[in-house]
Amino acid sequence: MWVEPVQDSGPTGIWEQRWHQAVLAAISTWQQVLPISLVSDRAQAQVLVERRKPPLRNWRASHGRAVLQLLEVQREGRWRLEPRVEVMISPGQAQPAIQATALHELGHAFGLWGHSDQPGDAMAVKPGARPVLELSDRDRRTVLWLQQQPGLSQPASP
Ligand SMILES: [Zn+2]
């Protein structure tokens, strides 16, 4: 995973620093259930987290979006198909809202493309009154179930 780095670490960069802290907090929550390595070279990443507002879709604005692509990449001399997910997290929100948005959109990046109908879940279809900053038991069980599906643990054949 690659996260857009902080460009301005001084006092004028306070908003991008807060965005970065909120995104890292969401990543560490996911690290309780999944192995995630952060890389500084974005070309090496399968998940890219960018600090920007997603473009309008169907004339509606949103604070976060995850977009899946399938790429042919070369790893250790062999070409293979790999998913790459671009996650856009808007900086124009309060810090807890950024963290909740990141937690939700990262869930999509890790394969949870569906939504929950329970407002206390990170993967709830719409945000509830309070930002969800932790994974619920349902979120955890869903991602563990997904990880156990056949075919996901095998590398793609050439
Ligand atoms: Zn969603």
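Below is a short write-up of the structure. (Residues numbered from 1 in each chain as written. Predicted model: local features only at pLDDT ≥ 70, side-chain atom pairs only at ≥ 80, totals over all residues. Heavy atoms only, no water.)

1. A word on the overall build of the chain
Part 1 of the argument: In terms of helices and strands, the chain carries 3 helices and 4 strands.
Part 2 of the argument: Seen in sequence order, the chain has helices and strands lined up from the N terminus as β-α-β-β-β-α-α.
Part 3 of the argument: Computed over C-alpha atoms, the radius of gyration of the chain comes to 16 Å, within 12% of the 15 Å expected from 2.2 N^0.38 for 158 residues, which places it in the range of a compact globule.
Part 4 of the argument: Taking all contacts inside the chain whose residues are at least 6 apart in sequence as the whole, residues at least 24 apart take part in 58%.
Part 5 of the argument: Distance between charge centroids for the chain: 5 Å, based on 17 positive and 15 negative side chains. (Helix = DSSP H or I, 4+ residues; strand = E, 2+ residues; numbered from the N terminus. Rg over C-alpha atoms; globule rule 2.2 N^0.38 Å. Contact = heavy atoms within 4.5 Å. Lys, Arg positive; Asp, Glu negative; His and termini not counted. Charge placed at Lys NZ, Arg CZ, Asp CG, Glu CD.)

2. Side note on the coordination of the zinc ion
Part 1 of the argument: Each protein donor to the zinc ion is listed here as His104 (NE2), His108 (NE2) and His115 (NE2); together their distances run 2.0 to 2.1 Å.
Part 2 of the argument: Along the chain, the residues donating to the zinc ion fall in the pattern H-x3-H-x6-H.
Part 3 of the argument: Note on His108: relative accessible area 7%, which makes it buried. (Donors = N, O, S within 2.8 Å, 3.2 Å for Na, K, Ca; no water. Buried < 20%, exposed > 50% of the residue type's maximum accessible area, 1.4 Å probe, protein only.)

3. A word on the nonpolar core
Part 1 of the argument: With 30 residues, the main nonpolar core has Met1, Trp30, Val49 and Leu106 as its most contacted residues.
Part 2 of the argument: Every element with two or more residues in this core is listed here: α1 (14–30), β2 (47–51), β4 (78–89), α2 (95–109) and α3 (137–147).
Part 3 of the argument: Top contributing element to this core by residue count: α1, with 6 residues.
Part 4 of the argument: The contacts of Leu106, once residues within four sequence positions are left out, are Met1, Ala26, Ile27, Trp30, Val47 and Val49. (Core = buried A, V, L, I, M, F, W, Y, C linked by side-chain atoms within 4.5 Å.)

4. Regarding the packing of aromatic side chains
Part 1 of the argument: Scanning the model with the defined rule gives 1 aromatic pair in all.
Part 2 of the argument: Aromatic side chains Trp30 and Phe110 sit 5.4 Å apart centroid to centroid with 75° between the ring planes, which places their arrangement in the edge-to-face category. Note that Trp30 is positioned in helix α1 and Phe110 in the loop between α2 and α3, a separation of 80 residues in sequence.
Part 3 of the argument: Owing to a relative accessible area of 0%, Trp30 belongs among the buried residues under this scheme.
Part 4 of the argument: The lysine or arginine in question, Arg42, covers the ring of Trp2, its NZ or CZ lying 4.7 Å from the ring centre.
Part 5 of the argument: One cation-aromatic arrangement involves Arg51 over Trp19; the distance from NZ or CZ to the ring centre is 5.5 Å. (Phe/Tyr/Trp six-rings, centres within 6.5 Å; stacked < 30°, edge-to-face > 60°. Lys NZ or Arg CZ within 6 Å of the ring centre and 35° of its normal.)

5. Examining the pairing of β4
Part 1 of the argument: Taken together, the 5 bridges between β2 and β4 define a ladder with parallel strand orientation. Among the inter-strand pairings, Val49 is bridged to a residue of β4, identified as Val87.
Part 2 of the argument: Here strand β3 (residues 64–75) runs beside β4; their pairing, made up of 12 bridges, is antiparallel. Of the residues in β4, the one forming a bridge with Glu72 is Leu81. (Pairing = 2+ DSSP bridges.)

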